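# A structural walkthrough
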Amino acid sequence: MHRVLCSTGALITKRNGRDYELLRAIVPQLSCDGLEFMMYQSWHDRMDALQRVLSEFPVPVFHMTKQIGEWISQGMLSEAEDMFREDCALARAIGSQLLVLHLWSGVASDQHIERNVTAYPSLREIADHHGLRLTVENVVCNTQDPMTHLRALAEVYRDVAFTFDTKMAAFHSQLDALYDPANAWLLPRIAHFHVNDYGGGHMDWAHMAALPLGQGRIDLDRFFAHVRGMGYQGDFTCEATALEEEGAVRYDEMNANLRRIRQEVAP
């Protein structure tokens, strides 16, 4: 049965001081089956405290620190691997099974994509050592596009797995690529979905926010129908932020997102 998860990145942000202790009050009010934990670089000196809080909830999915991919792009592979190991240790300690990685990220993005593709095996080896399944997300690019890079990874590393994000795909006008029979190579490699809406145009950097479902221009009916038809068996994470300016969670809005996903993927 599919699990419907909520990203902590939609709950704990700069608006509420990135105070992960707030999860203790927030999570019981959510209609989700667990969390996808979003790790921040500034939390790497608080691993014990994070473990204590996160061990109170099911956290099947761990979103790796975004600087990992950025550092790889910048040629800082050793530093990126060290941070990756720290993330893996925490992920295993809190019972996560699946990792979401921005293999390229930040301002550097995919400007040196050969570094990112070449770095994948060492990261995969570290994840395997910790008993974790590594997935690469179709994150936005500023040089080429994510589908080009996912295809390149799949051609070199036959058993690579992906997290597919609807907003990221729509940003590059590539959500239709999910439905294209020519991309049949992609479907069996998708191990996780991020479900969000998007209101911008092609590579519209001013409208990057992950919108609540139904508030953007993504044809979600078509998306969910396709996912049901492809026989997908994994989980779904909602990353759409529903926060007031002062950081309070709009529970009705967030739970409506979660219920929509659950209704769409129920057997």
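Scroll up a little and you will see the structure.
What comes next concerns the included structure.

Check the secondary structure of the chain and you find nine helices and eight strands. Relative to the compact-globule value of 18 Å for 267 residues, the chain shows a C-alpha radius of gyration of 17 Å, a close match. Each principal axis of the C-alpha distribution contributes one length, and for the chain these read about 45 × 45 × 35 Å. Restricting the contact set of the chain to residue pairs at least 6 apart, pairs at least 24 apart contribute 77%. In the form shown here, the chain has an accessible surface area of approximately 11,100 Å², with 49% of it arising from carbon and sulfur atoms. Both charge centroids of the chain, one from 24 positive and one from 36 negative side chains, sit 3 Å from each other.

Among the nonpolar cores identified, the biggest contains 92 residues, and Phe84, Leu99, Leu153 and Phe193 are the most heavily contacted of them. The element that contributes the greatest number of residues to this core is helix 5 (residues 113-129), accounting for seven residues. With near-sequence residues (within four places) excluded, Leu153 lies in contact with Leu103, Trp104, Val117, Tyr120, Val136, Val160 and Phe162.

In this section: helix 9 (residues 251-265). An α-helical segment advances 3.6 residues per turn. Residues three or four places apart therefore align on the same side. If you check helix 9, its first and last C-alpha atoms are 21 Å apart, about what 15 residues at 1.5 Å a residue would give, namely 21 Å. All of the buried residues in helix 9 are Met254, Asn255, Asn257, Leu258, Ile261, Glu264 and Val265. On the buried face of helix 9, the contacting elements are strand 1 (4-7), strand 7 (190-195), helix 8 (220-229) and strand 8 (235-238).

Ordered by their spatial adjacency, eight strands build a closed barrel running 1-2-3-4-5-6-7-8, and the pairing between neighbours is parallel. For this sheet the average axis-to-axis angle between neighbouring strands, irrespective of direction, equals 30°. Pairing geometry for strand 5 (residues 133-137) and strand 6 (residues 161-165), over three bridges, is parallel. Within strand 6, the residue paired with Glu137 across the bridge is Thr163. Helix 4 (residues 77-93) contacts strand 2 (34-38), strand 3 (61-63), strand 4 (98-101) and strand 5 of the sheet and is inclined by roughly 150° relative to strand 4.

With that settled, the discussion passes to the pairing of strand 8. In strand 8, alternate side chains face the same way, and those of Asp235 and Thr237 on one face and Phe236 and Cys238 on the other are all buried. The sheet contact formed by strand 1 and strand 8 spans three bridges and is parallel. Its bridge partner being in strand 8, Val4 is matched across the sheet by Phe236. Here four bridges tie strand 7 to strand 8, and the two strands are oriented parallel to one another. Paired with Phe193 across the two strands is Phe236, which belongs to strand 8. In this region the chain leaves strand 7, passes through helix 8 and returns to the parallel neighbour strand 8; the handedness of that crossover is right-handed.

Quick notes on the rules
- Residues numbered from 1 in each chain as written.
- Predicted model: local features only at pLDDT ≥ 70, side-chain atom pairs only at ≥ 80, totals over all residues.
- Heavy atoms only, no water.
- Helix = DSSP H or I, 4+ residues; strand = E, 2+ residues; numbered from the N terminus.
- Rg over C-alpha atoms; globule rule 2.2 N^0.38 Å.
- Contact = heavy atoms within 4.5 Å.
- Areas by Shrake-Rupley, 256 points an atom, 1.4 Å probe, with all protein chains shown as cover.
- Lys, Arg positive; Asp, Glu negative; His and termini not counted.
- Charge placed at Lys NZ, Arg CZ, Asp CG, Glu CD.
- Core = buried A, V, L, I, M, F, W, Y, C linked by side-chain atoms within 4.5 Å.
- Buried < 20%, exposed > 50% of the residue type's maximum accessible area, 1.4 Å probe, protein only.
- Expected span 1.5 Å × (residues − 1).
- Pairing = 2+ DSSP bridges.
- Axes fitted to C-alpha atoms, helices over the stretch in contact; angles between N-to-C directions.
- Right-handed = clockwise from strand over helix to strand, strands pointing away.

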